Amino acid sequence: MPFDPAFTTSYLVAFVMGLVSSLHCIGMCGSIIGTLTLSLSPEIRHKKALLLPFVFNYNFGRITSYTIAGALAGLVQSLATLQLGEIHGHRLLQILSAMIMAGAGLYIAGWFPRFAYIEKAGMHFWKTIEPFGRKLIPVKTRTHAFLFGMVWGWLPCGLVYAALALAATAGDVSKSALTMLAFGLGTLPAVMGVGIMTGILTRLSRMHRFKQAVGLFMIILALLAALPWLNPMAIINHSSLH
């Protein structure tokens, strides 16, 4: 199978996006895991060996929802390219993706707080499915934890939407789904670390300079999305073919 620079770029960029954005959103993710943890019985809650599988299943469900959302983003890409043509449709999605990613970077850095309004786009759907998540509280089984995670994976989040915008440029439905899978895996270290390294992660997420550095990094990723020919992997691959 030949090396695909566009797919590899989106895969790696999505993973890094998940890694850096999860540190910014640790407060939200931490509160949700806190809700999950407090709903468990004391016997499970006070033993990490028993608690960890519940936290893992919650995250597995959350990432499953991200992957499904990625497949839907790939379907949007297919419809756009069908209407506008493969080249023009894909290029338009690249530009829109870069704009949303840049907006997310400016938001993280604290320079564009209005970017949070993009989260209103998913509020109608969220209000429809959120009651199903509440019905799973208290969480009694690992299956409940997985389903709880699947519901909360649709929580409106501008940074998840930025990753979805990137996924919509991956090439097709399967690659878009894998791009969001990569994003979800990128969020795991910080989210799974809640409760183990809570103090360190919280302090890091509140540092103004750290947020600015993450925001600038997101803007650089946006430039790579808008101008994929600047991506080092694409350049190296192109050179190896000659």
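Residues numbered from 1 in each chain as written. Predicted model: local features only at pLDDT ≥ 70, side-chain atom pairs only at ≥ 80, totals over all residues. Heavy atoms only, no water.

A short note on the overall build of the protein chain
- Check the secondary structure of the protein chain and you find 12 helices and zero strands.
- Beginning at the N terminus, the succession of helices and strands in the protein chain can be written as α-α-α-α-α-α-α-α-α-α-α-α.
- Counting over 242 residues, the protein chain shows a buried share of 46%.
- Intrachain contacts of the protein chain at a sequence separation of at least 6 include 79% that bridge at least 24 residues. (Helix = DSSP H or I, 4+ residues; strand = E, 2+ residues; numbered from the N terminus. Buried < 20%, exposed > 50% of the residue type's maximum accessible area, 1.4 Å probe, protein only. Contact = heavy atoms within 4.5 Å.)

So, a nonpolar patch on the surface
- Together, Ile 68, Leu 72, Leu 75, Leu 79 and Val 173 make up a nonpolar patch on the protein surface, roughly 410 Å² of accessible area in all.
- With four residues, helix 4 (residues 48-84) is the largest single contributor of residues to the nonpolar patch.
- Inspection of the secondary structure puts Leu 72 in helix 4.
- Under the relative-accessibility criterion, Leu 72 is labelled partly exposed at 46%. (Patch = residues over 30% accessible without salt bridge, like charges linked within 9 Å, V, L, I, M, F, W, Y side chains within 5 Å. Areas by Shrake-Rupley, 256 points an atom, 1.4 Å probe, with all protein chains shown as cover. Salt bridge = Lys/Arg side-chain N within 4 Å of Asp/Glu carboxyl O.)

Describing the side chain of Ser 65
- Topologically, Ser 65 is positioned in helix 4.
- Using a relative accessible area of 1% as the deciding quantity, one classes Ser 65 as buried.
- Engagement of the side chain of Ser 65 in a polar contact is seen with the backbone oxygen of Met 150, the distance being 2.6 Å.
- Residues in contact with Ser 65, not counting those within four places in the same chain, are Gly 149, Met 150, Gly 153 and Trp 154. (Polar contact = N/O pair within 3.5 Å; in protein donor to acceptor, adjacent residues only side chain to side chain.)

A look at unusual backbone geometry
- In this structure, Pro 138 follows Ile 137 across a cis peptide bond, with omega equal to 0°.
- Turning to its location among the elements, Pro 138 is positioned in the loop between helix 6 (123-135) and helix 7 (142-152).

Side note on helix 6
- Between its first and last C-alpha, helix 6 extends 19 Å over 13 residues, near the 18 Å set by a 1.5 Å rise per residue.
- The principal kink in helix 6, of about 35°, is found at Ile 129, preceding the proline Pro 131 by one to four residues.
- Here helix 6 has its buried residues at Trp 126, Ile 129, Glu 130 and Gly 133.
- In this structure, the buried residues of helix 6 make contact with helix 7. (Expected span 1.5 Å × (residues − 1). Bend = angle between axes of the 7 residues up to and from the residue.)

Considerations on the environment of Trp 126
- Among the structural elements, Trp 126 can be located in helix 6.
- Residues contacting Trp 126, with those up to four places away along its chain left out, are Val 151, Trp 152, Trp 154, Leu 155 and Pro 156.

Brief notes about the environment of Leu 224
- The residue Leu 224 is located in helix 11 (residues 208-226) in this model.
- Separated by 126 residues in sequence, Leu 224 and Ala 98 place their C-alpha atoms 8.0 Å apart.

Description of the packing of aromatic side chains
- Under the defined criterion, the tally for this structure stands at nine aromatic pairs.
- Geometrically, the ring pair formed by Phe 56 and Phe 60 is stacked, given 6.3 Å between the ring centres and 15° between the ring planes. With Phe 56 and Phe 60 both in helix 4, this residue pair falls four residues apart, about one helical turn.
- Residue class for Phe 56 comes out partly exposed when judged on its relative accessible area of 46%.
- Residue Phe 60 is classed as partly exposed on the basis of its relative accessible area, which comes to 46%.
- Here a set of aromatic residues connected by ring pairs shows up, and it is made of Tyr 58, Trp 126, Phe 148 and Trp 152. (Phe/Tyr/Trp six-rings, centres within 6.5 Å; stacked < 30°, edge-to-face > 60°.)

Points about the confidence of the model for the protein chain
- Per-residue confidence for the protein chain averages 79 on the pLDDT scale, and 78% of its residues sit at or above 70.
- Ranking the helices and strands of the protein chain by mean pLDDT puts helix 7 first, with 93, and helix 12 (residues 232-240) last, with 47.
- A low-confidence stretch, residues 234-242 (pLDDT under 50), is modelled with six contacts involving residues beyond four sequence positions or located in other chains. (pLDDT = per-residue confidence, 0-100.)

A look at the nonpolar core
- Counting 33 residues, the largest nonpolar core has Met 17, Met 101, Met 180, Phe 183 and Met 218 as the members making the most contacts within it.
- When contributions to this core are tallied by element, the ones reaching two or more residues are helix 1 (5-24), helix 4, helix 5 (86-109), helix 8 (158-167), helix 9 (173-193) and helix 11.
- Setting aside its immediate chain neighbours within four residues, Met 101 contacts Val 13, Met 17, Ala 162, Leu 166, Met 218, Leu 221, Ala 222 and Ala 225.
- One finds Ile 33, Ile 44, Tyr 58 and Trp 152 within the second-largest nonpolar core, a separate group that totals 19 residues. (Core = buried A, V, L, I, M, F, W, Y, C linked by side-chain atoms within 4.5 Å.)

Considerations on the pattern of salt bridges
- What the rule picks out here adds up to one salt bridge.
- Taking the shortest distance from any N to any O, the salt bridge between Arg 134 and Glu 130 comes out at 2.2 Å. One end of the pair, Arg 134, and the other, Glu 130, are both in helix 6, four residues apart, so they sit about a helical turn from each other.

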